[in-house]
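For reference, the chains in residue letters:
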Amino acid sequence: MRDRVPCHDYGFRNFFRFRPWQMASHGHLLVLGILTALSLISSGGINKGDLDRHSNGFVGKIQDVLTSDLTREDRIVTLAQSGNLTEAENALRTLRRSHIRPSHDAYESLIEAFAKSSRPARVEHWYGEMVRDGRGMQNASYIRVLEALFAPKLQGGKKDQKLGERVDERMVERWLQRSVRRGIAIPARILDWGVRVMAKRASHDGLRSAERWIGYMRSTGIQPSYSTLDSVIRCCIQVENFRRASAWVNETRARSDEPPDVDTYRLAIKAAATAQEWGYMDVFLLQAIVDYEGSVVE
């Protein structure tokens, strides 16, 4: 029979006296303890009785720690999904103060919940904390955040849902940019919604953003919807960029099954007249008469 190696040669007693389970954030020490114990048992360096005596319930302590952390993370997810966002935030802060790095599930559930409740500042805060913690966001979560930004603001039927008010267009663009940088295939409906949100900004910046994202859509083989093109035309009119408005009217008439909306024509004619852009007013009026057989002037 081979000689037993005294366990103190391995520093095993000292290891358990150190009580690594009291430092739950150092998960690698816990794993090291398990592997050390298994190695010593298999090599004959320590028997089961010694392990029980010296460990002082070591395995039980590990199980308690891991179960406790898992339970706390599950609680964060549950609180976030049920809309108890203040409690979810407090639970996540407590976890971090314990030097435990929350999982991406805990972060993502909180970020998505804040997106659904239209609280962009909290979305950006926790996204920043997640990045600082070195946690990566799953691709599907980027899409869910984008959908959450739009979901409460959509009105109308499935065929052509109209965007309501109170959409943070700058935040939408940030999340679209983050998704593109990660190489995520953004669904056409989300890109459509995003362009319409930017166009609703009714500013030169909004128009530039909308046109830039239409360019991106086309580069990926996606054609903007009729409503999206119409929203860009309206944005051009509102910022009195009649040259771009005329270009988008021409494109809509050329490639869409429908001409620009009759109310959009009326808006264009009135705006051009107010700005004394008589040439553009005549163009819009003639196009409207052709497309709507004179009903636009009724």
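That block above? That's the structure.
Not measured: the values here are computed from a predicted model.

Scoring rules and cut-offs
- Residues numbered from 1 in each chain as written.
- Predicted model: local features only at pLDDT ≥ 70, side-chain atom pairs only at ≥ 80, totals over all residues.
- Heavy atoms only, no water.
- Core = buried A, V, L, I, M, F, W, Y, C linked by side-chain atoms within 4.5 Å.
- Buried < 20%, exposed > 50% of the residue type's maximum accessible area, 1.4 Å probe, protein only.
- Contact = heavy atoms within 4.5 Å.
- Helix = DSSP H or I, 4+ residues; strand = E, 2+ residues; numbered from the N terminus.
- Expected span 1.5 Å × (residues − 1).
- Polar contact = N/O pair within 3.5 Å; in protein donor to acceptor, adjacent residues only side chain to side chain.
- Salt bridge = Lys/Arg side-chain N within 4 Å of Asp/Glu carboxyl O.
- Phe/Tyr/Trp six-rings, centres within 6.5 Å; stacked < 30°, edge-to-face > 60°.
- Lys NZ or Arg CZ within 6 Å of the ring centre and 35° of its normal.

**Student:** Whenever I open this one, the nonpolar core confuses me. Can you help?
**Tutor:** The biggest cluster of nonpolar side chains holds 66 residues, and the ones touching the most others in it are Ile111, Trp175 and Leu176. Setting aside residues up to four positions removed in sequence, Trp175 forms contacts with Ile111, Val123, Glu124, Tyr127, Met137, Tyr142, Val145 and Leu146.

**Student:** I tried to follow helix α14 (residues 262-274) on my own but got confused; where do I start?
**Tutor:** Three or four residues apart is the spacing at which side chains of an α-helix point the same way, because the helix has 3.6 residues per turn. For α14, spanning 13 residues, the distance from its first C-alpha to its last is 18 Å, which sits close to the expected 18 Å at 1.5 Å a residue. Of the residues making up α14, those classed as buried are Val262, Thr264, Tyr265, Ala268, Ile269, Ala271 and Ala272. Buried residues along α14 sit against α12 (226-238), α13 (242-255) and α15 (278-292). With a side-chain oxygen positioned 2.9 Å from the backbone nitrogen of Asp263, the residue opening α14 is Asp261. The positive-phi residue at the C-terminal boundary of α14 is Gln276, with phi of around 60 degrees.

**Student:** Please explain the pattern of salt bridges as it appears in this structure.
**Tutor:** When the charged atoms of two side chains lie near each other, side chains of opposite charge can form a pair. Taken as a whole, this structure holds 18 salt bridges when the rule is applied. For the salt bridge of Glu112 with Arg144, the shortest nitrogen-to-oxygen distance reads 3.1 Å. In this pair, Glu112 is assigned in helix α6 (residues 104-116) and Arg144 in helix α8 (residues 139-150), connecting sequence segments 32 residues apart. The class for Glu112 is buried, based on a relative accessible area of 12%. For the salt bridge of Arg178 with Glu124, the shortest nitrogen-to-oxygen distance reads 2.8 Å. Of this pair, Arg178 sits in helix α9 (residues 169-181) while Glu124 sits in helix α7 (residues 120-132); the two residues are 54 residues apart in sequence, bridging distant segments of the chain.

**Student:** Whenever I open this one, the packing of aromatic side chains confuses me. Can you help?
**Tutor:** Given two aromatic rings, their pairing is described by the distance between the two centres and the angle made by the two planes. As enumerated under the stated definition, the model contains eight aromatic pairs in all. Relative to Trp126, the ring of Tyr107 has its centre 6.4 Å away and its plane inclined at 50 degrees; by these criteria the two rings are tilted. With a gap of 19 residues between them, Tyr107 in helix α6 and Trp126 in helix α7 connect regions that are remote in the sequence. On the basis of relative accessible area, Tyr107 is assigned to the buried category, the value being 0%. A ring pair is formed by Tyr280 and Phe284, whose centres lie 6.4 Å apart and whose planes are at 25 degrees; its orientation type is stacked. In this pair, Tyr280 and Phe284 are both assigned in helix α15, four residues apart and thus about one turn of the helix distant. Put simply, the rings of Tyr127, Tyr142 and Trp175 touch in pairs and so form one group of aromatic residues. Over the ring of Trp175 we find Arg178; its NZ or CZ atom is 4.9 Å from the centre of that ring.

All we've got here are geometric facts, nothing functional implied.
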